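Take a look at the letters that make up each chain.
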Amino acid sequence: MNILVIDTSNHVLGVAIMKNDKVIGQIMTNLTKNHSVRLMPAIDKLMAEVGMRVEELDRIAVAKGPGSYTGVRIGLTTAKTLAWALGTPVVGVSSLEALSYQGRFFDGFVCPFFDARRGLVYTGIYEWEGGNITNPVPDQNIPFVNILEDLKEKGKSVLFLSPDISAFKEQIIETLGELAVIPEGPYHITNPAHLGLASITMEPDNIHGLAPNYLRLAEAEANWLKQQKEKESND
């Protein structure tokens, strides 16, 4: 099975080509540049490098969030457009689950998270059991202090993974002490091949039904809904 993997859900842009669980080629950058301008050229370049035509793709895997609103939309729109044009199945994968694959051999909880601002994070708790990943605490948008206190009560070692780790490292150590495991920098960046690996056992999504998993409304949407409620109460 030939898989095209796309991840623009956060700061990193990642594209990979896989044959089942074997990585054939990969492009990944961690730069402050516009994903919308660079994604298709990256896909074209990688397909040419590995000598594969888009018609040979059997599946497209894409990060569906949470993460950057704009980044998630860019990746999903590109993946869905290609899937529709080629008649190729598409699979949306949680950005947090994909990052959790960096903790594949960790014996304890894996806590991937992205900064959601104002003390909030996008996070979930994952655990590897017998080679299978489980998600005992589903992905959610929550105050970081809440998830830390919950993990402290569980009393189990926790591997923290996040591209935003530097802003939260001190808080993590203060709350969990020796229960907290914080690896070096490269482990905090999602590997697009891991996203592809996660997609292999998943059922394809309905192309038109596949939607971003923001875990919360965009600020503009939230403000609009608030205005509508205020308007209704004043009528």
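Anyway, here's the lowdown on the structure attached to this text. This is a predicted model, so every value here is computed, not measured.

Rules and cut-offs
All residue numbers here refer to positions counted from 1 along the written sequence of the relevant chain. This being a predicted model, a pLDDT of at least 70 is required before a residue's local features are given, and a value of 80 or more before pairs of side-chain atoms are given or counted; all residues contribute to the totals for chains, interfaces and linings. Heavy atoms from the whole structure form the basis of all side-chain values; hydrogens and water molecules are not counted. Think of it in three bands: residues with accessible area under 20% of the maximum for their type are buried, residues over 50% are exposed, and the middle band is partly exposed, with areas taken using a 1.4 Å probe on protein chains only. Secondary structure elements follow DSSP: runs of H or I of four or more residues count as helices, runs of E of two or more count as strands, with numbering from the N terminus. The directions considered for the arc are those from the helix axis to the C-beta atoms. Note on contacts: a residue pair is in contact if any heavy atoms of the two residues lie within 4.5 Å. Whenever Lys or Arg places a side-chain nitrogen within 4 Å of a carboxyl oxygen from Asp or Glu, that contact is recorded as a salt bridge. All axes here are fitted lines through C-alpha atoms, helices being fitted over the stretch that makes contact, and every angle between N-to-C directions spans 0 to 180 degrees. Roughly parallel here means an angle under 35 degrees, roughly antiparallel means over 145, roughly perpendicular means 65 to 115, and every remaining angle is called oblique. Two helices crossing with the near one rotated counterclockwise from the far one by less than a right angle form a left-handed crossing, whereas a clockwise rotation gives a right-handed crossing. Residues are grouped as follows: Ala, Val, Leu, Ile, Met, Phe, Trp, Tyr, Cys and Pro are nonpolar; Asp, Glu, Lys and Arg are charged; all remaining types, including Gly, are polar. Should DSSP find at least two bridges between two strands, the strands are taken to pair.

**Remarks on helix α5 (residues 165-176)**
When α5 is considered as a whole, its buried residues turn out to be Ile-165, Phe-168, Ile-172, Thr-175 and Leu-176. Buried residues of α5 fall within an arc of 90° about the axis and therefore sit on the same side. Among the exposed residues of α5, those pointing more than 90 degrees away from its buried face are Ser-166, Glu-170 and Glu-174. Next to the buried residues of α5 lie β6 (109-117), β7 (120-129), α4 (144-154), β9 (158-161) and β10 (180-181). In the segment just after α5, Gly-177 is the residue with positive phi, at about 55°.

**Notes on the pattern of salt bridges**
Side chains that differ in sign of charge can pair as their charged atoms come close. One pass over the structure, following the stated rule, counts five salt bridges. The shortest N-O distance in the salt bridge between Glu-56 and Arg-53 comes to 3.8 Å. Measuring nitrogen to oxygen at the nearest pair gives 2.4 Å for the salt bridge that ties Glu-127 to Lys-156. Of this pair, Glu-127 sits in strand β7 while Lys-156 is found in the loop between α4 and β9, placing the two residues 29 residues apart along the sequence. Judged by its relative accessible area of 12%, Glu-127 is buried. Classification of Lys-156 as partly exposed rests on a relative accessible area of 30%. In the salt-bridge network here, residues are joined through shared partners; they are Arg-53, Glu-55 and Glu-56.

**Considerations on the packing of helix α1 (residues 35-50) against helix α2 (residues 69-86)**
Relative to each other, α1 and α2 sit at 40°, their axes nearing to 10 Å. Considered as vectors, α1 and α2 are oriented oblique to each other. Every pair of crossing elements has a handedness; the one defined by α1 and α2 is right-handed. Contacts from His-35, Ser-36, Leu-39, Met-40 and Ile-43 of α1 reach α2 at Ile-74, Gly-75, Thr-78 and Leu-82. For the contact of α1 with α2, the per-class residue count stands at five nonpolar, four polar and no charged.

**Thoughts on the sheet that holds strand β3 (residues 22-29)**
Strands sit in the order β3-β2-β1-β4-β5 across an open sheet of five strands; the sheet is mixed. Only two strands of the sheet have a single neighbouring strand rather than two, namely β3 and β5 (90-93). On average, each strand axis in the sheet is tilted by 15° relative to the strand beside it, whichever way the strands run. Pairing geometry for strand β4 (residues 59-63) and β5, over four bridges, is parallel. Each bridged residue has a counterpart across the sheet, and for Val-62 the counterpart in β5 is Gly-92. Contacts between α1 and the sheet are confined to β1 (2-7), β2 (13-19) and β3, with β2 contributing the most and set at about 25° to the helix.

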